[in-house]
Amino acid sequence: RACPSQPPMAPPNAPPPEAVDLVEYLNEAWTPYHAVLASCKRLMAAGFEEISERDSWSDSLRPGGKYFFTRNMSAVCAFAVGKKHKPGSGFVIIGAHTDSPCPKLKPKTKAANETFLQVRVQNYGGGLWYTWFDRDLGVAGRVLVNRRDAGGNVTPTHELVRVDRPVMRISSLAIHLDRTLNDGFKVNFQSHMAPIIADEVQRALGGGGDSNDDDSKRRKTTKDKDSSSKHCPVLLELFAEHLNCDPADILDFECQLCDTQKSAIGGARNEYVFSGRLDNLQSCHASLCALIRASSDSSLEDEHLTRMMVHYDHEEVGSDSAQGAGSSMTEDALRRITRALAGADGANDLDDLDARARRASFVVSADMAHAVHPNYSDKHEPGHRPRFGAGVVIKHNANQRYATDAITGWLFREIGERYANVPVQEFVVRSDLGCGSTIGPTLSTNTGIRTVDVGAPQLSMHSVREMCSAKDVKHAVDHYAAVYEKFGQLDATLVVDGRIGNLCRECK
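Here is a short report on the structure shown in this document.

The rules behind these values
Residues numbered from 1 in each chain as written. Predicted model: local features only at pLDDT ≥ 70, side-chain atom pairs only at ≥ 80, totals over all residues. Heavy atoms only, no water. Helix = DSSP H or I, 4+ residues; strand = E, 2+ residues; numbered from the N terminus. Buried < 20%, exposed > 50% of the residue type's maximum accessible area, 1.4 Å probe, protein only. Contact = heavy atoms within 4.5 Å. Areas by Shrake-Rupley, 256 points an atom, 1.4 Å probe, with all protein chains shown as cover. Pairing = 2+ DSSP bridges. Axes fitted to C-alpha atoms, helices over the stretch in contact; angles between N-to-C directions. Salt bridge = Lys/Arg side-chain N within 4 Å of Asp/Glu carboxyl O. Polar contact = N/O pair within 3.5 Å; in protein donor to acceptor, adjacent residues only side chain to side chain. Parallel < 35°, antiparallel > 145°, perpendicular 65-115°, else oblique. Left-handed = near helix turned anticlockwise from the far one by under 90°. Phe/Tyr/Trp six-rings, centres within 6.5 Å; stacked < 30°, edge-to-face > 60°. Lys NZ or Arg CZ within 6 Å of the ring centre and 35° of its normal.

Re the overall build of the protein chain
Along the backbone of the protein chain there are 14 helices and 20 strands. Each of the 508 residues in the protein chain was classed as buried or not, and the buried ones make up 50%. Within the protein chain, contacts between residues separated by at least 24 positions form 78% of all contacts whose residues are at least 6 apart in sequence. Roughly 24600 Å² of accessible area belongs to the protein chain as shown, and the carbon and sulfur atoms make up 48% of that amount.

Here is the structure:
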């Protein structure tokens with residue numbers, strides 16, 4: 001007898017538009033440089049004006065204006081000034097980071113072994129390196145290129161490159177050759193992680209075929225020889241093909257390996273986002289969308305604060321760089337904005353204005369959080385197990401690995417629940433496990449501004465492919481937008497400092 005027909009399947013649930021837009025953003029943002037470019041394109045489309053740290057801002061900034069600048073092309077700061085700004089008004093800042101753990105190309109990439117041409121790489125950050133094995137890998141980053149104009153003049157240019165087809169692979173060892181692999185494989189980055197890029201080693205290295213021709217050798221310039229001694233020609237040819245230049249015109253580059261599998265909406269009901277680099281590009285995207293939403297003319301009409309977004313580089317390796325959260329980037333921006341908006345009347349009181357502005361400010365350090373894993377739920381503290389779809393997570397640590405305290409945690413939680421109507425979760429690491437850190441403690445230490453550490457929950461953090469909830473993408477955007485728009489209103493209701501006399505009165 002024929003089996004009864006199955007009932008028709010319900011159409012898949014449509015994911016939130018914010019999650020769909022995140023996927024598009026992730027597919028553009030392969031590296032910190034590409035992430036900054038993707039953010040800047042959206043900022044310009046929203047009416048933000050590009051400014052430069054090399055120029056004077058004194059005559060450029062005005063209440064109601066919207067601006068952005070980049071540093072090193074791997075960090076970006078954008079801000080919208082409230083139309084009712086007064087000298088000494090504070091800032092509402094959401095910070096995130098553009099970098100993720102990955103294999104980065106070494107200064108000299110040329111390597112060969114057993115008829116294979118390979119590329120030398122070094123580990124950046126603390127990745128789950130075994131997940132990079134047997135993936136179809138491309139390469140992306142920035143390149144310095146000599147460009148010639150119509151008159152033959154040569155000028156070095158800074159350009160981005162993305163080879164988005166599978167050109168490399170880190171192959172695993174067959175189980176037949178090591179039966180202990182499933183008992184625990186420890187990755188030795190130096191020995192195991194050099195990807196294969198091509199074969200025919202002798203020809204690719206210039207050691208065979210026509211390369212023995214004397215005339216050919218004489219035509220080579222010193223630069224050609226230096227370049228070919230550092231990098232295999234096939235790699236330079238790949239870059240040249242995508243940049244439409246001659247390989248000899250490539251001066252230098254900073255590039256990394258990237259998984260070519262596209263970011264996607266996943267799950268039986270489209271409830272997840274599958275992607276690399278969710279840590280921490282999901283936070284970059286959410287803060288970007290929130291700032292754009294909170295920078296409309298109507299939203300800025302009654303605002304006296306400046307709403308700011310800063311995406312830093314190098315968080316995964318400690319934030320200590322000119323474009324990291326440990327740099328002067330934030331403080332430089334705060335001082336220069338305060339000075340430019342103070343005008344002639346405040347020129348003699350800038351230190352006081354800067355100090356007052358910081359006391360009235362608030363920083364949200366947005367970095368992804370650890371969702372409870374169904375197969376490893378014992379790794380989480382009971383009662384502090386962030387779940388998918390249950391909102392942004394507030395992170396706590398008594399030893400200041402996170403910057404959250406009772407005041408900043410309440411402010412963030414109250415804004416989400418009261419104004420954004422979104423759920424909020426709490427996280428603290430188990431007492432018998434180590435705790436990671438974020439840009440939060442660094443920013444609060446350098447600026448003296450109240451700070452809260454938060455992030456959307458995800459699984460597979462630091463894997464080549466991670467996952468998060470599509471619902472939490474929307475939760476994050478809604479929550480961060482409410483922080484921009486409602487912090488000043490809520491902060492005015494809570495007095496902590498400057499009223500100590502109220503605590504000294506006798507109880508009655």
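Quick look at the sheet that holds strand β19 (residues 457–459)
Here we have five strands laid out as an open sheet, ordered β11-β12-β20-β19-β15, and mixed in their pairing. Sheet topology places β11 (264–266) and β15 (369–370) at the edges, where each strand pairs with a single neighbour. With two bridges joining them, β19 and strand β20 (residues 466–469) adopt antiparallel strand pairing. From the neighbouring strand, Q458 faces β20, where its bridge partner is C468. Here helix α8 (residues 278–293) sits on the sheet and contacts β12 (272–275), β19 and β20; the angle it forms with β20, its principal contact strand, is near 35 degrees. Together, β12, β19 and β20 form the strand contacts of helix α14 (residues 470–491), whose direction differs from that of β20 by roughly 65 degrees.

What about the sheet that holds strand β1 (residues 49–50)?
Remark on secondary structure: sheet strands pair via backbone hydrogen bonds, oriented parallel or antiparallel. Strand order in this open sheet of nine strands is β1-β2-β3-β13-β4-β14-β18-β16-β17, and the pairing throughout is mixed. Each edge of the sheet is formed by a strand with only one pairing partner; in this case those strands are β1 and β17 (424–428). The strands touched by α14 within the sheet are β4 (91–97), β13 (306–312), β14 (362–366), β16 (392–396), β17 and β18 (450–455), with β4 carrying the most contacts at an inclination of about 155 degrees.

Examining unusual backbone geometry
Backbone torsion omega between D279 and N280 reads 15 degrees, so that peptide bond is classified as cis. Tracing the chain through its elements places N280 in helix α8. Within the chain, N72 stands out as a residue other than glycine whose phi angle is a positive 65 degrees. Take N72: it is sitting in the loop between β2 (66–71) and β3 (75–81). On the accessibility criterion, N72 (27% relative accessible area) is partly exposed. Of note in the backbone geometry, R277 takes a positive phi value of approximately 65 degrees without being a glycine. Here R277 shows up in the loop between β12 and α8. Given a relative accessible area of 15%, R277 falls into the buried group.

Quick word on the pattern of salt bridges
In this structure the tally under the stated criterion is 25 salt bridges. Across the salt bridge formed by E254 and R142, the nearest N and O atoms sit 2.5 Å from each other. Here E254 is found in strand β10 (residues 250–259), whereas its partner R142 is found in strand β7 (residues 137–148), with 112 residues between them in sequence. In this structure, D164 and R162 form a salt bridge, with 3.9 Å as the shortest nitrogen-oxygen distance.

Remarks on the environment of D367
Relative to the elements of secondary structure, D367 occurs in the loop between β14 and β15. Separated by 86 residues in the primary sequence, D367 and D453 have C-alpha atoms spaced 7.5 Å apart. Leave out the neighbours within four places in its chain, and D367 touches H97, D279, N280, S283, E315, K395, T438, V454 and G455. Among the polar contacts listed, one links the side chain of D367 to the side chain of H97, at a separation of 3.2 Å.

Details of the packing of helix α2 (residues 32–45) against α8
In helix packing, the relevant descriptors are the interaxial angle and the interaxial distance, both defined with respect to the helix axes. Orientation of α2 relative to α8, taken along the N-to-C sense of each, is 15 degrees, at an axis distance of 11 Å. The orientation of α2 with respect to α8, classified from their angle, is roughly parallel. Relative to α8, the crossing made by α2 is right-handed. Together, A35, S39, R42 and L43 of α2 and L281, L288 and I292 of α8 make up the contact between the two elements.

Digging into the packing of aromatic side chains
Tallied over the entire structure, the rule returns 10 aromatic pairs. Between F239 and F253, the aromatic rings sit 5.1 Å apart at their centres with planes inclined by 70 degrees, giving edge-to-face as the arrangement. Of this pair, F239 sits in helix α7 (residues 233–243) while F253 sits in strand β10, and the two are 14 residues apart along the sequence. For the pair shown, F239 and F253 are each scored as buried. Summarising the aromatic geometry, the rings of F362 and F487 are spaced 4.8 Å apart at their centres and angled 5 degrees between planes, so their arrangement reads as stacked. Separated by 125 residues along the polypeptide, F362 in strand β14 and F487 in helix α14 bring together distant segments of the chain. In this structure F362 comes out as buried when scored by relative accessible area, which is 0%. Its relative accessible area of 0% is what places F487 among the buried residues. Following the ring pairs from residue to residue traces out a cluster consisting of W57, Y67, F69 and F79. One Lys or Arg, K104, reaches over the ring of Y124 and ends 4.1 Å from the middle of that ring. Seen from the ring of W30, R162 lies directly overhead, with NZ or CZ sitting 4.8 Å from the centre.

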